Amino acid sequence: MNQSAPPSRELTHIGHYDILDSIGRGGMGLVYLARDTRLDRLVAIKCLRSELFEPLYRERFKREALLLAKLNHPYIVQIYDFIETPEQLGLVMEFVEGQNLQRYLREQIAPFSQRMQWLTQIAQGLAVAHDAGIIHRDLKAENILINKRGEAKISDLGIAKSLDSNLTLTEHVTGSYASMSPEQALGNKLDFRSDLFSFGILAYQLLCGAHPFGDTDNKMQLLQRIISQPPTSPSKHNPDLPAEISDLLGQLLSKDPNKRPANTHWLAAQCEKLSLLVLASAFESDDTPALLHSGESLTSYTTGDHTGGSLSGIRRHYTGSTREHATFDTRFEKAPVTQRMRNYIGQYRVQLSAGCALILLSAGIAYWQFQPKPPRYIAVLPPNINSQEMPGAQQTLIKDAVYDAIQQSALQLDGYYLIPQNEISDFYDDKDSLESVRRATAADELITTQIQCKIESCNITISRLTPQGEHENRLRVQDTRKVDVLTDNYLSVATTVQNNIGRLYSEKLSNILEKIDEQDYATFLSTNTIYRQKGASKNLLDTLDKLQGPTKSLPAVQTLYTDIALDLHNSTKDPAFLHSVEKNVTAVPTKSNEASHLYNIYYLQIAQNNMDDASQSIEKLKQLNISNASIYELQAYKMIAEKNYTEAIKFYSKAIHSKATANNLLLMAKAHWYSGNTATAKNYITESLSLSPDFYKAHTLLGLIALVDGNIDQAIASFQQVYNNMPDEITNMNSLALCHLLQKNYTRAFELFNQAAELAPHDSLYLLNKADAKNLSGESKEAEILYVAALELIKGETVNSSSLRNQAQAYAHLGQFSQALTSLQQLEKMDPQNIETTYTAALVHTLAKNNASAILNTEITLKNGMNNIWFSFSWFDSLCTNQQFPAILEKYGALNRCAPQSL
């Protein structure tokens, strides 16, 4: 039943706001200029039109207020208040004194550089809206306000919808037809990429002075062109448009949303970089034609429009090499999204193996069909064993057989999920309390085991611990099982333990070890122990390859094989290890090991960069009723591998909400750090350490952050602590070496780089770092030999951003600048926003004496967050002859970089 509309009369005030004037009209409301009598400031108030004053539109109007309330950004019109009275609904907003972009461009000339700055600002505001789950749906020049300071602000989010809203076909095609995406024009489901297409139209109009699909008042004709025809090449309207900008427009205006940029933050960063390119390039002609108006519009609350400038004379890419204009083609690949320098500062990449897919325990698989109540998480602690008579090697095998049997049994329990073994090992040793382990892992229950052995027999006590009533931090023994076993047969020990776990939980569990050879089982146990203690090695993989078929097909064995092989691939870059995984784990699984099989396949697919297949594996795992937290972790892991950190943060947030563990908090910290949010990353590390103060991975991440921030003493303290306990951990070793390199302790740096190179002989990074240490210490001949060796190694590597980065630097140090610049161009096309890319560009151009490009990339690198200490290397000394270099370094904290004593 519709509510009666309020009586029609002139509005003089609403709440404590005095109405001064009517300044606009939108699709759902009238916009007034008003004065806030309490704060004595001008505001804009959008009021729902009287003919729409009924429940449906009232709710929609309220929804707009809730959506806008999520946003707080300098380039989005801010919401102040929401007023609801019996006669009126009002949305109180920031009053932007100025004009909308369409009118502004009709009345004034705007330089090309100004237009690029506006596009950067719009993209930055749009990224924040997309982060909040909001898509604009009507992004166009009329809905961009230009204030008195010349800043752009996104307005009129009145038809924006949350991404999880249920929309009708009619709502899908809401918006101005001239700015619609193809999917919006067709009434298809929309996501943020629809806004990117509209942004592309707006950018094209701003930079070319025309609509990319032609200017016509025939609505259906224009919609048909948007849906089915390619856009007009920008060179037709602006022949001097830089190729980089044409490339970006091509991506934005792709018919296929998957070929548009994968992340709005990347788009904003790209616009900012191109804006800097324009500012750094001297050109005189700046008179882009007036913006042609096309189609209907919803008027923003400050009326007005605008147009302006053309670019001529910019023919050179900022790397200094002459380029032809790119062919305008919308069939572009998705642009990569990266933010932090990690490979050069220690190759701190996402580990795609051990600790992620562990002994089929990863993510806690449970074989059950229905879940009437929330799942419970079990942490199985490593058994404690005591014997003065039994040899140490035999004790280890008994302990491992018991541990493996309990874990395999826990996987079969109805309604329970097993916390991965690696997560337990991160937080538990004999000195840790059970409560601290439970707190760090968010476990609902713990299983502990005490083993007392003589020479021929052992007494095993298995205990099930649960929280004690209201005292969540206190544990009580809910049940205990004691059993005596003979030690002459490890399979018999494991089978006996499995049976007793079933009794502990009143369930009958299947024995998956029935057809396994005793000697093979012992080999598996010892191999697993060595791997957990000392890490992956080719010998361990060879040992598993020799196991007989039934043992080799065990889920635990297959997962161990996957972990070791992927560890070796990550360390060495040798593709043969991926082929080994394919050969050993791609067999058709049985029902009992389907989940563990899918986990192994998933991590292999990520390592192979088969992201679509990995998504399919996640969907298959969902059908097996694994925990929500595990699904979120897998989705986030994939986003990290794709360098889509914004989406990774969303999934980790869901995982933490589902299960707040020290490890999940650390993963969230990494995702924020990768995206450039160092302060937020540190906050999550603090939360992680509050759950587990000795969590070494959290301390390692603090060391890496300190290294990037230039706090070398703090970084060395963190890395040295880890190095003392884990001397063969390559990433940490490389990071520690870089710290010594920065402190000019070249001998120690070379020793550590050499250790890393011996552990990973197929990775060119460590050879390159060895060469750098020799180069900086003045041993040029030795450095030259190592640079040549690194280039030979790179030839056998897959072409990716890391190999191109190493190649460009090696060629530059050898004085082969043509090859270095070619590699750099490939790198900039493949990974343009990565801070490592701009640092490499600064280094290469410095060595090649392209000072203008070197200084530009230096400033971009520093602006994007790299500490000035990375420019203290003597390679950059030649730039001190240019006044801009010390000025830029001083701006970012290096006050005496070019003082005589620094040279």
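Residues numbered from 1 in each chain as written. Predicted model: local features only at pLDDT ≥ 70, side-chain atom pairs only at ≥ 80, totals over all residues. Heavy atoms only, no water.

Undergrad: With reference to specific residues and values, describe the overall build of the protein chain.
TA: A tally of helices and strands in the protein chain yields 36 helices and 18 strands. A buried classification covers 58% of the 903 residues belonging to the protein chain. At a minimum sequence separation of 6, the contacts of the protein chain that also span at least 24 residues come to 67%. (Helix = DSSP H or I, 4+ residues; strand = E, 2+ residues; numbered from the N terminus. Buried < 20%, exposed > 50% of the residue type's maximum accessible area, 1.4 Å probe, protein only. Contact = heavy atoms within 4.5 Å.)

Undergrad: How would you explain the packing of helix H32 (residues 801-813) against helix H33 (residues 817-830) if you had to name every residue and give the values?
TA: It is the contact of H32 with H33, at a shortest axis distance of 8 Å, that shows an interaxial angle of 155°. Relative to H33, H32 is oriented roughly antiparallel. For the crossing formed where H32 meets H33, the hand is left-handed. Each of Ser801, Leu804, Arg805, Gln807, Ala808, Tyr811 and Ala812 in H32 lies in contact with H33, whose residues at this interface are Phe817, Gln819, Ala820, Ser823, Leu824, Gln826, Leu827 and Met830. Classifying every residue of the contact of H32 with H33 by side-chain character gives 9 nonpolar, 5 polar and 1 charged. (Axes fitted to C-alpha atoms, helices over the stretch in contact; angles between N-to-C directions. Parallel < 35°, antiparallel > 145°, perpendicular 65-115°, else oblique. Left-handed = near helix turned anticlockwise from the far one by under 90°. Nonpolar A, V, L, I, M, F, W, Y, C, P; charged D, E, K, R; others polar.)

Undergrad: If you had to explain the state of the cysteines to someone new, which residues and values would you point to?
TA: Within the structure shown, the criterion is met by 2 disulfides. Linked covalently through their sulfurs, cysteine 453 and cysteine 458 form a disulfide whose S-S length is 1.9 Å. On the S-S bond that ties cysteine 453 to cysteine 458, the torsion sits near 105°, and the link is right-handed. Look at cysteine 458 and you get buried, because its relative accessible area is 2%. One disulfide bridge connects cysteine 880 with cysteine 898, the sulfur atoms lying 2.0 Å from each other. Handedness of the cysteine 880-cysteine 898 disulfide follows from its S-S torsion of about -75°: it is left-handed. Taken together, the residues span a long stretch of sequence, with cysteine 880 in the loop between helix H35 (851-863) and helix H36 (884-891) and cysteine 898 in the segment after H36 at a distance of 18 residues. Among the residues examined, cysteine 880 registers a relative accessible area of 17% and is labelled buried. Counting only the cysteines that form disulfides, in the order they appear in the protein chain, gives the pairing 1-2, 3-4. (Disulfide = S-S within 2.5 Å.)

Undergrad: Account for the packing of helix H30 (residues 764-776) against helix H31 (residues 780-795), naming residues and giving values.
TA: Taken N-terminus to C-terminus, the directions of H30 and H31 make an angle of 165°; their axes are 8 Å apart at the nearest point. Compared by their axis directions, H30 and H31 come out roughly antiparallel. H31 is crossed by H30, and the crossing has left-handed handedness. Residues Ser764, Leu767, Leu768, Lys770, Ala771, Asp772, Lys774 and Asn775 of H30 form the contact with H31, whose own contacting residues are Glu782, Ala783, Leu786, Tyr787, Ala789, Ala790, Leu793 and Ile794. Residue composition of the contact of H30 with H31, by class: 10 nonpolar, 2 polar and 4 charged.

Undergrad: Report on unusual backbone geometry, specifying residues and quantitative values.
TA: Backbone geometry at lysine 744 places phi at a positive 65°, although glycine is not the residue there. Mapped onto the elements, lysine 744 comes out in the loop between helix H28 (730-742) and helix H29 (746-759). A positive phi is found at lysine 849, a non-glycine position, where the angle reads about 65°. With relative accessibility at 65%, the residue lysine 849 sits in the exposed group.

Undergrad: Tell me about the sheet that holds strand S10 (residues 152-154), and name the residues and values.
TA: Ordered by their spatial adjacency, 3 strands build an open sheet running S7-S9-S10, and the pairing between neighbours is antiparallel. The open sheet has two free edges, formed respectively by strand S7 (98-100) and S10, since each of these has just one partner strand. Between one strand axis and the next, the sheet turns through 30° on average, direction left out of account. Sheet topology note: the strand S9 (residues 144-147)/S10 ladder contains 3 bridges and is antiparallel. (Pairing = 2+ DSSP bridges.)

Undergrad: Break down the packing of aromatic side chains for me, with residues and values.
TA: If you walk through the whole model with that rule in mind, you get 15 aromatic pairs. When the centroid spacing of 5.5 Å and the interplanar angle of 90° are considered together, the rings of tyrosine 104 and tryptophan 118 count as edge-to-face. Taken together, the residues span a long stretch of sequence, with tyrosine 104 in helix H2 (residues 101-107) and tryptophan 118 in helix H3 (residues 112-131) at a distance of 14 residues. In this pair, the class of tyrosine 104 matches that of tryptophan 118, namely buried. (Phe/Tyr/Trp six-rings, centres within 6.5 Å; stacked < 30°, edge-to-face > 60°.)

Undergrad: Just give me the short version of the side chain of threonine 466, but keep the residues and values in it.
TA: Here threonine 466 is to be found in strand S17 (residues 457-468). Using a relative accessible area of 5% as the deciding quantity, one classes threonine 466 as buried. Of note is the side chain of threonine 466, whose polar atom sits 3.1 Å from the side chain of glutamine 478. Non-local contacts of threonine 466, meaning those with residues more than four positions away in its chain, are made with Asp444, Glu445, Arg474, Leu475, Arg476 and Gln478. (Polar contact = N/O pair within 3.5 Å; in protein donor to acceptor, adjacent residues only side chain to side chain.)

Undergrad: Explain helix H20 (residues 594-607) to me, and be specific about the residues and the numbers.
TA: In this model, H20 (14 residues) spans 20 Å end to end at C-alpha, consistent with the 20 Å of a helix rising 1.5 Å per residue. Of all the 14 residues making up H20, 13 are buried; the element is thus mostly covered by neighbouring parts of the structure. The first or second residue beyond H20 is asparagine 609, which carries a positive phi of 65°. (Expected span 1.5 Å × (residues − 1).)

Undergrad: Pulling in residues and values, what's your account of the pattern of salt bridges?
TA: Per the counting criterion, the structure on display carries 21 salt bridges. The salt bridge involving arginine 464 is made with glutamate 445; its shortest N-O contact spans 2.9 Å. With arginine 464 in strand S17 and glutamate 445 in strand S16 (residues 445-453), this residue pair connects regions lying 19 residues apart in the sequence. Residue arginine 464 is classed as buried on the basis of its relative accessible area, which comes to 10%. Connected through salt bridges with shared partners, the residues Arg376, Glu445 and Arg464 form a single ionic network. (Salt bridge = Lys/Arg side-chain N within 4 Å of Asp/Glu carboxyl O.)

Undergrad: Can you break down the environment of glycine 676 residue by residue, with the values?
TA: With respect to the element layout, glycine 676 can be found in the loop between helix H24 (662-674) and helix H25 (678-691). Separated by 159 residues in sequence, glycine 676 and isoleucine 835 have C-alpha atoms that sit 10.0 Å apart.

Undergrad: Could you give an account of the confidence of the model for the protein chain, with specific residues and numbers?
TA: Scored by pLDDT, the protein chain has a mean of 79; 82% of the residues are at 70 or more. Within the model, the stretch residues 1-9 combines pLDDT values under 50 with 16 contacts to residues more than four positions away or in other chains. The model gives residues 158-175 a pLDDT under 50, and that stretch makes 56 contacts with residues more than four places away or in other chains. (pLDDT = per-residue confidence, 0-100.)

Undergrad: Go over helix H26 (residues 696-709) with me, naming the residues and quoting the values.
TA: Compared with an ideal rise of 1.5 Å per residue, which puts 14 residues at 20 Å, H26 spans 20 Å between its outermost C-alpha atoms and is within 8% of the ideal. Taken residue by residue, H26 has Ala698, Thr700, Leu701, Gly703, Leu704, Ile705, Ala706, Leu707 and Val708 as its buried positions. Buried-residue contacts for H26 involve H24, H25, helix H27 (712-725) and H28. One or two steps after H26, the chain reaches glycine 710, where phi turns positive at roughly 90°.

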